[in-house]
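Summary of structural features
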Amino acid sequence: MTTTRYDKPTRAARVVNHVFRWLAEAGVSVAGTKALSVRGRKTGKRRSVVVNVLTVGGRDYLVSPRGHTQWARNARAAGVVDIGPRWRRREVRIAEVPDEVKPELLSRYLDRWFWEVKGHVGGLTPTSSPEELRAAAPSIPVFELVR
């Protein structure tokens with residue numbers, strides 16, 4: 001069963017995210033950020049966000065630390081996302097990662113980006129136990145970028 005947790009960003013977080021998204025769309029990556037664009041599942045309009053791309057074992061993953069956000073729901077429905085700066089965007093198929101695979105990926109994500117996502121990643125920290133990671137996994141969408 002999928003949990004529908006969504007930690008809505010504050011106004012200040014939205015402003016910061018807007019700046020990081022603008023930079024990522026211009027090709028400037030801050031701590032590994034990339035611009036992600038996906039068609040809205042209801043309107044069909046293209047929606048853009050900034051994401052961190054986690055690479056593990058030569059595979060790339062997208063994690064939605066705030067939970068089942070609009071971009072995660074749109075990506076799930078579309079099955080594809082566009083990633084990269086405005087002039088070099090490429091369409092990439094995605095596959096949702098099963099809950100039993102997520103703990104390892106979440107642990108690596110937290111090791112790298114906890115400073116950025118703390119407070120809105122389902123109560124997890126870099127020192128969370130395997131049991132805590134397993135318990136939170138259903139509430140945190142993770143997608144593999146399929147090449």
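Just so you know, these numbers come straight off a predicted model, no measurement behind them.

1. Looking at the layout of surface pockets
By volume, the largest pocket is sized at about 840 Å³. Together, 30 residues line the largest pocket, and P9, N17, V49, V50 and R66 are the ones closest to its centre. Contributing elements (two or more residues each) for the lining of the largest pocket: α1 (11-25), β2 (46-56), α2 (70-78) and α3 (102-117). A per-element tally of the lining of the largest pocket places α1 first, with 7 residues. Across the lining of the largest pocket, the residue classes tally to 14 nonpolar, 10 polar and 6 charged.

2. Some thoughts on α1
Here α1 contains 15 residues, and its C-alpha end-to-end distance of 21 Å stays within 8% of the 21 Å for a straight helix at 1.5 Å per residue. For α1, the set of buried residues is A13, A24 and E25. Along the long axis of α1, the arc covered by the buried residues comes to 100°, so they all point the same way. Exposed residues on α1 whose side chains face more than 90 degrees from its buried face are R11, A12 and V15. Where α1 is buried, its residues contact β1 (33-39) and β2. Just past α1, the residue G27 takes up positive phi, approximately 95°.

3. Things to note about the environment of S139
Looking at the element boundaries, S139 is found in the loop between α4 (130-136) and β6 (142-146). Its relative accessible area of 9% is what places S139 among the buried residues. The sequence separation of S139 and K45 amounts to 94 residues, and the corresponding C-alpha distance is 26 Å. One polar contact links the side chain of S139 to the main-chain carbonyl oxygen of A136, over a distance of 2.8 Å.

4. Thoughts on the sheet that holds strand β5 (residues 90-96)
A barrel is described by the order of its strands in space; here 6 strands give the closed sequence β1-β2-β3-β6-β5-β4, paired in antiparallel fashion. Pairwise comparison of adjacent strand axes, ignoring direction, gives a mean angle of 45° for this sheet. Pairing analysis gives 4 bridges linking β2 to strand β3 (residues 59-63), with the strands arranged antiparallel. The partner of L54 across the bridge, within β3, is Y61. Against the sheet, α3 makes contact with β2, β3 and β6, and its axis sits at roughly 110° relative to β2, the strand it touches most.

5. Observations concerning the pattern of salt bridges
Applying the stated criterion across every chain yields a total of 6 salt bridges. Where D82 meets R46, a salt bridge forms, and the shortest distance between an N and an O atom there is 3.4 Å. One end of the pair, D82, is in strand β4 (residues 80-83); the other, R46, is in strand β2, and 36 residues separate them in sequence. The partner of E131 in a salt bridge is R134, with the nearest N and O atoms 3.6 Å apart. One end of the pair, E131, and the other, R134, are both in helix α4, 3 residues apart, so they sit about a helical turn from each other. The class of E131 is partly exposed, set by a relative accessible area of 49%.

Cut-off values and rules
Residues numbered from 1 in each chain as written. Predicted model: local features only at pLDDT ≥ 70, side-chain atom pairs only at ≥ 80, totals over all residues. Heavy atoms only, no water. 1 Å grid on protein atoms, 1.4 Å probe; cavity = no way out; pocket = protein on both sides within 12 Å on 5 of 7 lines; lining within 4 Å. Points joined across faces, edges and corners; volume = space filled by probe spheres on them. Helix = DSSP H or I, 4+ residues; strand = E, 2+ residues; numbered from the N terminus. Nonpolar A, V, L, I, M, F, W, Y, C, P; charged D, E, K, R; others polar. Expected span 1.5 Å × (residues − 1). Buried < 20%, exposed > 50% of the residue type's maximum accessible area, 1.4 Å probe, protein only. Arc of directions from axis to C-beta. Contact = heavy atoms within 4.5 Å. Polar contact = N/O pair within 3.5 Å; in protein donor to acceptor, adjacent residues only side chain to side chain. Pairing = 2+ DSSP bridges. Axes fitted to C-alpha atoms, helices over the stretch in contact; angles between N-to-C directions. Salt bridge = Lys/Arg side-chain N within 4 Å of Asp/Glu carboxyl O.

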